[in-house]
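Coordinate inspection notes
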Amino acid sequence: DQQVKQNSPSLSVQEGRISILNCDYTNSMFDYFLWYKKYPAEGPTFLISISSIKDKNEDGRFTVFLNKSAKHLSLHIVPSQPGDSAVYFCAARKAGNQFYFGTGTSLTVIP
Amino acid sequence: EPEVTQTPSHQVTQMGQEVILRCVPISNHLYFYWYRQILGQKVEFLVSFYNNEISEKSEIFDDQFSVERPDGSNFTLKIRSTKLEDSAMYFCASSSGLRGRETQYFGPGTRLLVL
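All of the points below concern the structure found in this document. (Residues numbered from 1 in each chain as written. Chains lettered and ligands numbered in written order. Predicted model: local features only at pLDDT ≥ 70, side-chain atom pairs only at ≥ 80, totals over all residues. Heavy atoms only, no water.)

Digging into the packing of aromatic side chains
Formally: Only Phe, Tyr and Trp rings are paired, with Trp represented by its six-membered ring, and only when their centres lie within 6.5 Å; those with planes under 30 degrees apart are stacked, over 60 edge-to-face, the remainder tilted. Secondary structure counts use DSSP, requiring at least four H or I residues in a row for a helix and at least two E residues in a row for a strand, with both numbered from the N terminus. We call a residue buried when its accessible area falls under 20% of the maximum for its residue type, exposed when it is over 50%, and partly exposed in between, using a 1.4 Å probe and counting protein chains only.
Per the counting criterion, the structure on display carries 20 aromatic pairs over all chains. Measuring from ring centre to ring centre gives 5.2 Å for Y36 of chain A and F106 of chain B, while their planes differ by 85°; the resulting arrangement is edge-to-face. Pair noted here: Y36 of chain A is in strand β4 (residues 30–38) and F106 of chain B is in strand β10 (residues 105–106), and the two residues belong to different chains. The same class applies to Y36 of chain A and to F106 of chain B, which are both buried. Ring pairs connect the aromatic residues Y36, F46, F89, F99 and F101 of chain A together with Y33, Y35, F45, F91 and F106 of chain B, which therefore count as one cluster.

Right under this line is the structure:
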């Protein structure tokens, strides 16, 4: 039951360029979305979130866009830095406090 | 900065044995979670815990699993009789505030290997 999907398992971007990570979901009951970053042998680290009542949230180099009609969200990182290289997970929450994670996208930022 | 801690970092056990994974959530947090990630797969929700009881659980969280907050600081996940397919990274997380809407902070994980 794949309610949250990240269709790109990997992405490579040149340093200084924009990284765009995509996430699709199927459940219209999701009301809160998050992006996490994960390094090997560590737990996921929160990056940025967005409520379903918004379509954009920005925090420094990170911007999350939500398109509810398309059930799509994306994370933009600009400018990308080598330290951004990690696996990025999107997650979605529905009422009742259960969170669903995507399968992750491995981002490599090339110096 | 406060963080979620987990012990042990690695656990190897024989099939059929019981294991207890331990977590110390961030001290003022009210919601606690367990997730697992089988190698190469997605992070999967297991259970959420609030006010000393389970608030949500997934299909994975069957009768073999139980959670407990035995004191004011620890949050444990017990697997009663481990199976080979329980081998995974287990992450604990905690969050603060109303209805768990706030960010979940994850621990570093426990790598469980069932032989």
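Some points on a nonpolar patch on the surface
Residue and element names in this part refer to chain A. Rule in force here: Patches were defined on residues exceeding 30% relative accessible area and lacking a salt bridge, with like-charge contacts within 9 Å and nonpolar side-chain contacts (Val, Leu, Ile, Met, Phe, Trp, Tyr) within 5 Å. Per-residue and other accessible areas follow the Shrake-Rupley method at a 1.4 Å probe size, with only the shown protein chains counted as cover for residues. Counted as salt bridges are all cases of a side-chain nitrogen of Lys or Arg within 4 Å of a carboxyl oxygen of Asp or Glu.
The grouping of I18, I20 and V78 at the surface amounts to a nonpolar patch, some 230 Å² of accessible area in total. Among the structural elements, I20 can be located in strand β3 (residues 19–25). On the basis of relative accessibility, which here comes to 36%, the residue I20 falls in the partly exposed class.

Regarding unusual backbone geometry
Backbone torsion omega between V78 of chain A and P79 of chain A reads -5°, so that peptide bond is classified as cis. Following the sequence through the fold, P79 of chain A ends up in the loop between β8 (72–77) and β9 (86–94). Backbone torsion omega between T7 of chain B and P8 of chain B reads -10°, so that peptide bond is classified as cis. Non-glycine residue K71 of chain A carries a positive phi angle of around 50°. Taking the relative accessible area as the measure of exposure, K71 of chain A reaches 26% and is therefore partly exposed. Even without glycine at this site, N51 of chain B takes up a positive phi of about 55°. You can see N51 of chain B is positioned in the loop between β5 (43–50) and β6 (53–57).

Thoughts on the sheet that holds strand β1 (residues 4–5) of chain A
All names here are of chain A. How we decide: One bridge is not enough; two strands pair if DSSP finds at least two bridges between them.
Here we have five strands laid out as an open sheet, ordered β1-β3-β8-β7-β6, and antiparallel in their pairing. The sheet is open, and its two borders are formed by β1 and β6 (56–59), each paired with just one other strand. Note: β3 against β8, six bridges, orientation antiparallel. Each bridged residue has a counterpart across the sheet, and for L21 the counterpart in β8 is L75.

With respect to the interface of chain A and chain B
Keep this limit in mind: Whether two residues are in contact is decided by their heavy atoms: any pair within 4.5 Å suffices. The quantity reported as buried area is the accessible area (1.4 Å probe) lost by two parts once they are put together, taken as the sum for both. Note on residue classes: Ala, Val, Leu, Ile, Met, Phe, Trp, Tyr, Cys and Pro are nonpolar, Asp, Glu, Lys and Arg are charged, and everything else, Gly too, is polar.
Listed per partner, the contact involves 21 residues of chain A and 22 residues of chain B. Between chain A and chain B, the buried area comes to about 1800 Å², and carbon and sulfur atoms account for 50% of it. Viewed at the interface, chain B and chain A are joined by zero salt bridges. Mapped by element, the contributors of at least two residues to the side of chain A that touches chain B are β4, β9 and β10 (98–101) of chain A. Sort the elements by how many residues they give to the side of chain A that touches chain B and β4 of chain A lands first, with four residues. Its residues assigned to classes, the side of chain A that touches chain B comprises nine nonpolar, seven polar and five charged.

Structural notes on the state of the cysteines
All names here are of chain A. Inclusion rule: Note on disulfides: each one is a pair of cysteine sulfur atoms within 2.5 Å.
Going through the model one piece at a time under the given rule, you end up with two disulfides over all chains. Through a disulfide, C23 is tied to C90; the S-S separation comes to 1.8 Å. Looking down the S-S bond of the C23 and C90 bridge, the torsion is 60°, so its handedness is right-handed. With C23 in strand β3 and C90 in strand β9, this residue pair connects regions lying 67 residues apart in the sequence.

Describing the sheet that holds strand β8 (residues 75–79) of chain B
Within a sheet, neighbouring strands are paired by backbone hydrogen bonds and run either parallel or antiparallel to one another. Residue and element names in this part refer to chain B. Where we set the bar: Under this scheme, a helix contributes an axis fitted over its contacting stretch, all axes are lines through C-alpha atoms, and angles between N-to-C directions fall in the 0 to 180 degree range.
Strand order in the open sheet formed by four strands is β1-β3-β8-β7, and the pairing between neighbours is antiparallel. The sheet is open, and its two edges are formed by β1 (5–7) and β7 (65–68), each paired on a single side. Between one strand and the next, the sheet's axes are offset by a mean angle of 20°, whatever the strand orientation. Two elements, β7 and β8, share four bridges in a ladder whose sense is antiparallel. Its bridge partner lying in β8, V67 is registered against L77.

Section: the pattern of salt bridges
Residue and element names in this part refer to chain A. Scanning the entire structure with this criterion turns up three salt bridges over all chains. Residues R61 and D84 are paired through a salt bridge, measuring 2.8 Å at the closest nitrogen-oxygen approach. Of the two residues, R61 is situated in the loop between β6 and β7 (62–67) and D84 in the loop between β8 and β9; the sequence distance between them amounts to 23 residues. Note on accessibility: R61 and D84 belong to one class, buried.

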